[in-house]
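Close look at the chain arrangement
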Amino acid sequence: MAIKSVNPATGKVYKTYTPLTSEEIEQRLAIGANQYQQYRWTSFSDRSNWLQAAADYLEDHTEVLGRIMTQEMGKPVGAAIAEVKKCAWVCRHYAEHGADYLADERSDIGYVRYQPLGIILAVMPWNYPLWQVFRLAAPALMAGNVIVLKHASNVPKCALSIEQVFRKAGFPDGAFQTLLISAEQTAAVIADERVRGVSLTGSGPAGAEVAALAGQHLKKVVLELGGSDPFIVLPSADLDQAVETAVTARLQNNGQSCIAAKRFILVGNIADEFEARLMDKFNGLTVGDPMQPETDIGPLATPSILRAIHKQVHDCLIAGAKVLVGGNLEKLKASLPSELELGNFYPPTILSHIPPGTPADQEEFFGPVALIFRVQDLDTAIQLANSTPFGLGASGWTQDSVEQQRLINEIDAGAIFINSMVKSDPRLPFGGIKQSGIGRELGRHGILEFMNAKTVCVS
């Protein structure tokens, strides 16, 4: 894929970037390696001050950075501005708590000292182009590592803006660098002996490829991959709250979120009412220009994502699924103003009566499509929830304490939220199991991933 900044709402090309040459990549890695030898010995106090300055810069430039995100990948501008503010939060969290997270762990026979590893390569996606980077960068920089970023090829302005944030905050030159390189060039960076760890957020195939490359060179990896998160609603649920949350949980970021609720598993006699209310909410949504504050759903990030989600829906319908809302791409296109006719828009869609063996069974739907499944009891709901290759997040809705504990204990996922939607939080570890990933980000667990836990015994 060309490194190109394209407006997904209009198809307008802002700028095409030339990838770095091999010589330029070598220069950047040499700068990072040299800087690490000084940066690793900087004090927690200095690193904390730089992270606080980064948070200040983010908060002072929320609208500018938010608009860049919206222009490059299409999320509604209000959500983009909120993302910038969340990045400031994660910087402040590690500025305030990083030193405590990394304090020596003492016992009667010795202690553990946490020390940084070196250059960490961040391979990051387009869907949350600032947040995905900052949730790795803030703890890694606080810990004394340095970072090189290979961002998604469709968000180069975001990638360069992130480097500017850290530069303006006062971090030493080379502590954070953006590499505008192709996917093919990334393999050589992973193989370079100066790179000591790789963090990737992306698709399962991309994660498997990066993990294989890192394994060949014995590099530590953290992988945050896809999900097909269940949203389980039981008869005792507060339906008003569940339906309201379901809309946001499915359609956040135009449906392009790994932790978005994707499969709505409705138990027993609440199914009809929940389904009817969800349909009513979806029918009332506004699809259009993501720069306008009244827009609920903007375009998908690229034409290929649009084609993929439309094919998944089509394959489900051919197999016998029913469309309750949306699904008609041509009708949506006809309703949009002419300046958006080349945009990657897809209508908010609800599918039900989904037969086994369809894409909805095993694949991640990365777009504004809700999948409804009806079951008779909690046992079947749990079995269905665990039936995919993924295990990232899950949301359960019930007022019954016994049912809550069963969901907490029996759902195979890296996180479960009871009576609320799945979300990431700097204070809590984030990650998945099965094909949803390896390792954890955020919280204390996240900052320890790229550290050497050095055992110290002094006689």
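Our subject in this report is the structure included herewith. (Residues numbered from 1 in each chain as written. Predicted model: local features only at pLDDT ≥ 70, side-chain atom pairs only at ≥ 80, totals over all residues. Heavy atoms only, no water.)

**Some words on unusual backbone geometry**
A positive phi angle is found at asparagine 254, which is not glycine, with a value near 60 degrees. Mapping asparagine 254 onto the fold places it in the loop between α9 (239–251) and β11 (261–267). Taking relative accessible area as the criterion, asparagine 254 reaches 0% and is therefore assigned buried. If you check the backbone angles, lysine 434 has positive phi at about 55 degrees while not being a glycine. On the secondary structure map, lysine 434 appears in strand β18 (residues 433–434). Owing to a relative accessible area of 40%, lysine 434 belongs among the partly exposed residues under this scheme. (Helix = DSSP H or I, 4+ residues; strand = E, 2+ residues; numbered from the N terminus. Buried < 20%, exposed > 50% of the residue type's maximum accessible area, 1.4 Å probe, protein only.)

**A short note on the nonpolar core**
Residues Leu58, Tyr94, Leu130, Phe134, Phe171 and Ile232 are the most contacted members of the largest nonpolar core, which totals 120 residues. Leave out the neighbours within four places in its chain, and phenylalanine 134 touches Leu58, Cys87, Val90, Cys91, Pro139, Ile162, Val165 and Phe166. With 31 residues, the next largest nonpolar core counts Phe231, Ala242, Leu336 and Ile372 among its residues. (Core = buried A, V, L, I, M, F, W, Y, C linked by side-chain atoms within 4.5 Å. Contact = heavy atoms within 4.5 Å.)

**With respect to empty space enclosed by the protein**
Overall, the coordinates contain three cavities of 30 Å³ or more when judged by the stated rule. Leu136, Pro139, Gly446, Ile447 and Phe450 are the residues nearest the centre of the largest cavity, which is lined by 16 residues in total. At the level of secondary structure, the elements contributing two or more residues to the lining of the largest cavity comprise α5 (131–142) and α16 (443–448). The element best represented in the lining of the largest cavity is α5, accounting for four residues. (1 Å grid on protein atoms, 1.4 Å probe; cavity = no way out; pocket = protein on both sides within 12 Å on 5 of 7 lines; lining within 4 Å. Points joined across faces, edges and corners; volume = space filled by probe spheres on them.)

**Notes on the packing of aromatic side chains**
Across all of its chains, the model carries 11 aromatic pairs by this definition. Centroid distance tryptophan 50 to phenylalanine 171: 5.6 Å. Interplanar angle 45 degrees. Geometry classified as tilted. Here tryptophan 50, found in helix α2 (residues 44–60), pairs with phenylalanine 171, found in the loop between α6 (156–168) and β7 (176–178); they are 121 residues apart in sequence, far enough to count as distant. Judged by its relative accessible area of 18%, tryptophan 50 is buried. You can call phenylalanine 171 buried: its relative accessible area is 5%. Through a chain of ring-to-ring contacts, the aromatic side chains of Tyr39, Trp50, Phe134, Phe166, Phe171 and Phe176 assemble into a single cluster. When the ring centre of tyrosine 39 is taken as reference, the NZ or CZ atom of arginine 47 above it lies at 5.7 Å. Across the ring face of tryptophan 131, the terminal group of lysine 86 is positioned such that the distance to the ring centre comes to 4.6 Å. (Phe/Tyr/Trp six-rings, centres within 6.5 Å; stacked < 30°, edge-to-face > 60°. Lys NZ or Arg CZ within 6 Å of the ring centre and 35° of its normal.)

**A word on the layout of surface pockets**
Here the largest pocket defines a volume of roughly 1,100 Å³. As for the largest pocket, its lining consists of 42 residues, and the residues nearest its centre are Pro125, Trp126, Gly202, Ser203 and Ala206. For the lining of the largest pocket, the elements supplying multiple residues, two or more each, are α7 (183–191), β8 (195–201), α8 (204–216) and α11 (303–318). The leading source of residues in the lining of the largest pocket is α8, at six residues.

**Section: the side chain of threonine 186**
Its location among the elements puts threonine 186 in helix α7. The class of threonine 186 is buried, set by a relative accessible area of 6%. Once residues lying within four places of it in the same chain are set aside, the contact partners of threonine 186 are Leu121, Val123, Lys150 and Ile181.

**What to know about the pairing of strand β9 (residues 220–224)**
Burial analysis of β9 places four of its five residues in the buried class, the great majority of the element. In the sheet, β8 pairs with β9 via five bridges, with the strands oriented parallel. Along β9, the bridge assignment pairs leucine 200 with leucine 223. Considered for its hand, the β-α-β crossover made up of β8, α8 and β9 is right-handed. In this sheet, strand β19 (residues 437–438) lies alongside β9 in antiparallel orientation, the contact comprising two bridges. Each bridged residue has a counterpart across the sheet, and for glutamate 224 the counterpart in β19 is glycine 437. (Pairing = 2+ DSSP bridges. Right-handed = clockwise from strand over helix to strand, strands pointing away.)

**Topic: the sheet that holds strand β20 (residues 451–456)**
Strand pairs in the sheet, formed through backbone hydrogen bonds, run parallel or antiparallel to each other. With respect to topology, three strands assemble into an open sheet ordered β3-β4-β20, the strand pairing being antiparallel. Taken across any chain shown, the strands that pair with only one partner, and hence form the sheet edges, are β3 (105–106) and β20.

**Considerations on the packing of α2 against helix α4 (residues 77–101)**
Two numbers describe how α2 lies on α4: the axes approach to 8 Å, and their chain directions differ by 165 degrees. On the basis of the axis angle, α2 is roughly antiparallel to α4. Our pair here, α2 against α4, has a crossing hand that is left-handed. Listed contacts from α4 to Phe44, Ser48, Leu51, Gln52, Ala54, Ala55, Asp56, Leu58 and Glu59 of α2 are Val84, Cys87, Ala88, Cys91, Arg92, Tyr94, Ala95, Glu96 and Ala99. Here the contact of α2 with α4 is composed, by residue class, of 12 nonpolar, two polar and four charged. (Axes fitted to C-alpha atoms, helices over the stretch in contact; angles between N-to-C directions. Parallel < 35°, antiparallel > 145°, perpendicular 65-115°, else oblique. Left-handed = near helix turned anticlockwise from the far one by under 90°. Nonpolar A, V, L, I, M, F, W, Y, C, P; charged D, E, K, R; others polar.)

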